[in-house]
Amino acid sequence: MTGDIMQFLGTAWDAANAAGEIIRGNWQQPKTIDYKGAIDLVTTVDRDCERKIIEVIRQNFSNHSILAEEETDLEGKEHEYRWIVDPLDGTTNFAHGYPQVSISIALEQSGQVILGLVYDPLHRECFRAVSGQGATLNGDRLRTSVVNELDRALLATGFPYDRREKADFYLTFFKAFMTRCQGIRRNGSAALDLCYVACGRLDGFWELKLKPWDIAAGALIVAEAGGRLSDFFGKEFSIWGDETLASNGIIHGEMAQIASEAAHKHVD
């Protein structure tokens, strides 16, 4: 298994690095933008990165399944292994030249995420985790923060693409946390937010309606760095669920209590 994991990690890095070169090469250049919804956009760079990542994976593991944000590839879908890919997390940031973007690549074995890699190509930070083997940032071991009170915690969040229609619902959670924590950041890349929890830059994170490609890699990195994940009620976390609550583990109970109370106050 160790040999396989090293191959998997090498492939994930080669794919992320190749996509990172595309992102850096197009940074601050004019962008061609399409809209998948009123505020859900995609650029040609998203698609170019996805093609490159899939190409690298296929060169090394031609029969593996791949689930990617811009195009779901069903070939080999019954295979034991499946790659889950977000080629450019933070597309809106990228389109506006805001330097908070990442590439997220995870690998499932029989439905369990065993590997996660999130790469910030602008700051050249690579977060990695292997199930049961810990998490690293550019090779250095990661641990979550030791903040033990929500009142002293720095949190992050994001808002789903239907936020114009359901603003009051999402702001219920924001207000609940805003009045209880030290500060809140809204960075625009859920994958990086999770990694920032893992390395202690953030103490907690919550968001609704994230997709598997947004969180599969980052969630494993948080867990392997000693953090905790759940839904808003403190129940078992799933990359297929609608609720993501991540923390350093110490303040998780407080966060879950606030999130669950906010959910009960406002019926979606």
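Further up the page is the structure itself.
Conventions and cut-offs
Residues numbered from 1 in each chain as written. Predicted model: local features only at pLDDT ≥ 70, side-chain atom pairs only at ≥ 80, totals over all residues. Heavy atoms only, no water. Helix = DSSP H or I, 4+ residues; strand = E, 2+ residues; numbered from the N terminus. Polar contact = N/O pair within 3.5 Å; in protein donor to acceptor, adjacent residues only side chain to side chain. Pairing = 2+ DSSP bridges. Axes fitted to C-alpha atoms, helices over the stretch in contact; angles between N-to-C directions. Disulfide = S-S within 2.5 Å. Buried < 20%, exposed > 50% of the residue type's maximum accessible area, 1.4 Å probe, protein only. Phe/Tyr/Trp six-rings, centres within 6.5 Å; stacked < 30°, edge-to-face > 60°. Lys NZ or Arg CZ within 6 Å of the ring centre and 35° of its normal. Parallel < 35°, antiparallel > 145°, perpendicular 65-115°, else oblique. Contact = heavy atoms within 4.5 Å. Nonpolar A, V, L, I, M, F, W, Y, C, P; charged D, E, K, R; others polar. Core = buried A, V, L, I, M, F, W, Y, C linked by side-chain atoms within 4.5 Å.

Trainee: How would you sum up the side chain of Ser-247? Please name residues and give values.
Mentor: Positionally, Ser-247 belongs in strand S15 (residues 243–247). Side-chain polar atoms of Ser-247 contact the backbone nitrogen of Gly-249, separated by 2.9 Å. A polar side-chain atom of Ser-247 sits 2.7 Å from a polar atom in the side chain of His-252.

Trainee: If you had to explain the sheet that holds S15 to someone new, which residues and values would you point to?
Mentor: The five strands lie next to each other as S12-S11-S13-S15-S14, forming an open sheet whose pairing is mixed. Edge positions in the sheet fall to strand S12 (183–185) and strand S14 (228–230), since each of these pairs with one other strand and no more. Pairwise comparison of adjacent strand axes, ignoring direction, gives a mean angle of 20° for this sheet. Pairing of S14 with S15, which is carried by three bridges, proceeds in the antiparallel orientation. By the bridge assignment, Arg-228 is partnered in S15 with Ser-247.

Trainee: Account for the state of the cysteines, naming residues and giving values.
Mentor: Using the criterion set out here, one finds zero disulfides in the structure. Not engaged in a disulfide, the cysteine Cys-195 finds its nearest cysteine sulfur in Cys-199; these two sulfurs lie 7.6 Å apart. We classify Cys-195 as buried; its relative accessible area is 0%.

Trainee: Tell me about helix H5 (residues 190–198), and please be specific about residues and values.
Mentor: Judged by how many residues are buried, H5 sits mostly within the fold: nine of nine residues are covered. Looking at H5, one finds that the buried residues are Ala-190, Ala-191, Leu-192, Asp-193, Leu-194, Cys-195, Tyr-196, Val-197 and Ala-198. Backbone geometry just after H5 places Gly-200 at a positive phi near 90°.

Trainee: Report on the packing of aromatic side chains, specifying residues and quantitative values.
Mentor: This structure, assessed with the given rule, holds 13 aromatic pairs. Arranged with centres 6.0 Å apart and planes meeting at 35°, the rings of Phe-159 and Phe-174 form a pair that is tilted. Separated by 15 residues along the polypeptide, Phe-159 in the loop between strand S11 (154–157) and helix H4 (167–178) and Phe-174 in helix H4 bring together distant segments of the chain. One aromatic cluster in this structure is built from Phe-8, Phe-61, Tyr-81 and Trp-83. Positioned over the ring face of Tyr-196 is Arg-201, at 4.8 Å from the centre of the ring.

Trainee: Lay out the packing of H5 against helix H6 (residues 212–224) in plain terms, naming residues and giving numbers.
Mentor: Between H5 and H6, whose axes approach to 8 Å, the crossing angle comes to 0°. In terms of orientation, H5 and H6 fall into the roughly parallel class. Here Ala-190, Ala-191, Leu-194, Cys-195, Val-197 and Ala-198 of H5 come into contact with H6, specifically with Asp-214, Ile-215, Gly-218, Ala-219, Ile-221 and Val-222. Across the contact of H5 with H6, the residue classes tally to ten nonpolar, one polar and one charged.

Trainee: Could you give an account of unusual backbone geometry, naming the residues involved and the relevant values?
Mentor: Notably, Gln-28 is not glycine yet its phi reads approximately 65°, a positive angle. Residue placement: Gln-28 occurs in the loop between helix H1 (2–26) and strand S1 (33–35). Look at Lys-209: it is not a glycine, yet its phi comes out positive at around 60°. You can call Lys-209 partly exposed: its relative accessible area is 30%.

Trainee: I'd like a rundown of the nonpolar core, residues and numbers included.
Mentor: Judged by nonpolar contacts, the single largest core of 36 residues is most densely connected at Val-118, Phe-127, Leu-142 and Ile-221. Those elements that provide at least two residues to this core are strand S7 (112–120), strand S8 (125–130), strand S9 (135–137), H5 and H6. Those residues within four positions of Phe-127 in sequence are excluded, and the remaining contacts are Gly-116, Leu-117, Val-118, Thr-136, Leu-137, Leu-142, Leu-192, Cys-195, Tyr-196, Cys-199, Arg-201 and Ile-221. Grouped together as the second largest cluster of nonpolar side chains are 34 residues, Ile-5, Cys-49, Phe-94 and Ile-103 included.

Trainee: An account of the pairing of strand S13 (residues 204–208) is needed here, citing residue identities and associated values.
Mentor: The buried fraction of S13 amounts to five of the five residues, a majority that puts the element mostly inside the structure. Here S13 shows a buried face lined by Gly-204, Trp-206 and Leu-208 and a second buried face lined by Phe-205 and Glu-207. One ladder, built from three bridges, connects S11 with S13; its direction is parallel. Within the sheet, the bridge partner assigned to Thr-157 lies in S13 and is Trp-206. Pairing of S13 with S15 involves five bridges; the strand directions are antiparallel. Looking at the pairing, Gly-204 lines up with Ser-247 of S15.

Trainee: Lay out the pairing of strand S5 (residues 81–89) in plain terms, naming residues and giving numbers.
Mentor: For S5, the buried fraction is high: eight of the nine residues fall into the buried class. Across seven bridges, S5 lies against strand S6 (residues 102–109) in antiparallel orientation. For Tyr-81, the partnering residue across the bridge sits in S6 and is Gln-109.

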